[in-house]
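Below are the chains, spelled out letter by letter.
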Protein chains: 2
Amino acid sequence: MIRTIGVDPGSRYTGYGIVEGDGFRLKYIHHGTVKLPPARPLSERLQIIFEQIKASILEYSPQFMAVEEVFFAKNVKSALSLGQARGAVILAGVSSGLSIHEYSALRIKQSVAGYGRAAKEQVAGMVQRLLSIEGEIEPNAADALAVAVCHISTHSSNLRWKIPGGS
Amino acid sequence: MIRTIGVDPGSRYTGYGIVEGDGFRLKYIHHGTVKLPPARPLSERLQIIFEQIKASILEYSPQFMAVEEVFFAKNVKSALSLGQARGAVILAGVSSGLSIHEYSALRIKQSVAGYGRAAKEQVAGMVQRLLSIEGEIEPNAADALAVAVCHISTHSSNLRWKIPGGS
């Protein structure tokens, strides 16, 4: 069983979700959203993301962090903001000793919904069913849980291929 | 006298420069460039920036960090990379207890070269003269020293206005 924190960074909301599994079973552990006060200075906002992700890692002890790869953004300004939040998230993981893994949106959708072009709502719905979570999940937290599930399934099948005689 | 670390973050080269002063005098302390190995994973590159900036802060004990404000980038991809590096730099400052200040390119050029539209080379030349540095300075480190000088002159004149009876 491996435990992974998936994170979906954003300049306003950063979702995170912790999932445990081995490729056959998935177990939901926790999810949440870091909400940033918009009127505060950048340095303070980055520190909030960094500290809160570090606190979740300390509390739930995942061994891996999974984050979606990003190549696109609405514009240069939002790419800069997103990059800063993303930097804070990744540093929270590295400085806690986690191994960091990035997955494309296509790969995440494939591994969760079985279809690379699945709509955002389909992915969220599948995450909820796979992990038996009741009630609404905030969209960033749903995306964070999806990338955690993607990492567990990818990592588990990699491990399976390495076992001698395994298939 | 206040001591400031100026930083010019980038996805390949991050320049930093430490300057001390009180608005009348400027004293050059140190400068350097963090060079990132391009082939390494993102998480490792961000960690190198974070650790090396923290190490310089620990060694030279500035009270302030100054960084150029950024609104533009070549494209979304470079804005994402720059944002990530910038996030790592700012977190290195915040987590070392420094107060972080951002200045526009216009403001930096005005305070160093006396002219908001000064060319990059003019700014570098003025930094070199103001701080009596001999030999070539790597461009990112020159920009980092410029933002440090800008912070010292801004902060000192703010302080001067606050002294009762001062002018």
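These figures come from a predicted structure and were not determined experimentally. (Residues numbered from 1 in each chain as written. Chains lettered and ligands numbered in written order. Predicted model: local features only at pLDDT ≥ 70, side-chain atom pairs only at ≥ 80, totals over all residues. Heavy atoms only, no water.)

Participant: Just checking my understanding: could you explain the packing of helix α3 (residues 105–113) of chain A against helix α4 (residues 120–130) of chain A for this structure?
Facilitator: All names here are of chain A. At their nearest, the axes of α3 and α4 sit 9 Å apart, and the two run at 45° to each other. Relative to α4, the element α3 is oriented oblique. Pair α3 / α4 crosses with left-handed handedness. Taken together, the residues of α4 that come into contact with α3 (itself represented by K109, V112 and A113) are V123, M126, V127 and L130. (Axes fitted to C-alpha atoms, helices over the stretch in contact; angles between N-to-C directions. Helix = DSSP H or I, 4+ residues; strand = E, 2+ residues; numbered from the N terminus. Parallel < 35°, antiparallel > 145°, perpendicular 65-115°, else oblique. Left-handed = near helix turned anticlockwise from the far one by under 90°. Contact = heavy atoms within 4.5 Å.)

Participant: Please clarify how the sheet that holds strand β1 (residues 2–8) of chain B should be interpreted in this entry.
Facilitator: Hydrogen bonds between backbone groups are what pair the strands of a sheet, and the pairing can be parallel or antiparallel. Residues and elements named next belong to chain B. Strand order in this open sheet of five strands is β3-β2-β1-β4-β5, and the pairing throughout is mixed. Edge positions in the open sheet fall to β3 (26–35) and β5 (99–103), since each of these has one partner strand only. Between one strand and the next, the sheet's axes are offset by a mean angle of 20°, whatever the strand orientation. With five bridges joining them, strand β4 (residues 64–68) and β5 adopt parallel strand pairing. Paired with V67 across the two strands is E102, which belongs to β5. (Pairing = 2+ DSSP bridges.)

Participant: Explain the relation of the copies chain B and chain A here, please?
Facilitator: Each of the two chain copies can be brought onto the other by rotation about an axis and movement along it. Under the fitted operation, chain B is carried onto chain A by 0.0 Å of movement along the axis and a turn of 180°, and the coordinates agree to an RMSD of 0.0 Å. A rotation of that kind, with that shift, is consistent with a two-fold axis. Take the interface residues of chain B: 100% of them recur as interface residues in chain A, which is what a same-surface contact looks like. (Least-squares fit on C-alpha atoms with pLDDT ≥ 70 in both.)

Participant: Looking at this structure, I do not really get the pattern of salt bridges. What am I missing?
Facilitator: Between side chains of opposite charge, a pair can form when the charged atoms approach closely. All names here are of chain B. A full pass over the atoms with the stated rule returns ten salt bridges over all chains. Here R25 and D22 are joined by a salt bridge, their closest N and O atoms 2.7 Å apart. You can call R25 exposed: its relative accessible area is 52%. R40 serves as the salt-bridge partner of E44, at 2.7 Å between the closest nitrogen and oxygen. (Salt bridge = Lys/Arg side-chain N within 4 Å of Asp/Glu carboxyl O. Buried < 20%, exposed > 50% of the residue type's maximum accessible area, 1.4 Å probe, protein only.)

Participant: Please clarify how the interface of chain B and chain A should be interpreted in this entry.
Facilitator: Often the size quoted for an interface is simply the accessible area lost on bringing the parts together. In this complex, chain B contributes 24 residues to the contact, which on the side of chain A involves 24 residues. Carbon and sulfur atoms supply 79% of the area buried between chain B and chain A, which totals about 2,100 Å² over both sides. Interface area lost by chain B to chain A is led by V76, L80 and L91 of chain B, which between them contribute 27%. Summed over the shared surface of chain B and chain A, the number is zero salt bridges. Across the chain B-chain A interface, the total number found is four residue pairs in polar contact (both at pLDDT 80 or more). Of all the elements in the fold, those that place two or more residues in the side of chain B that touches chain A are α1 (42–60), α2 (76–94) and β5 of chain B. It is α2 of chain B that contributes the most residues to the side of chain B that touches chain A, twelve residues altogether. For the side of chain B that touches chain A, the residue count by class is 16 nonpolar, six polar and two charged. (Buried area = accessible area lost by both parts, 1.4 Å probe. Polar contact = N/O pair within 3.5 Å; in protein donor to acceptor, adjacent residues only side chain to side chain. Nonpolar A, V, L, I, M, F, W, Y, C, P; charged D, E, K, R; others polar.)

No statement about biological role is implied by the geometric values presented.
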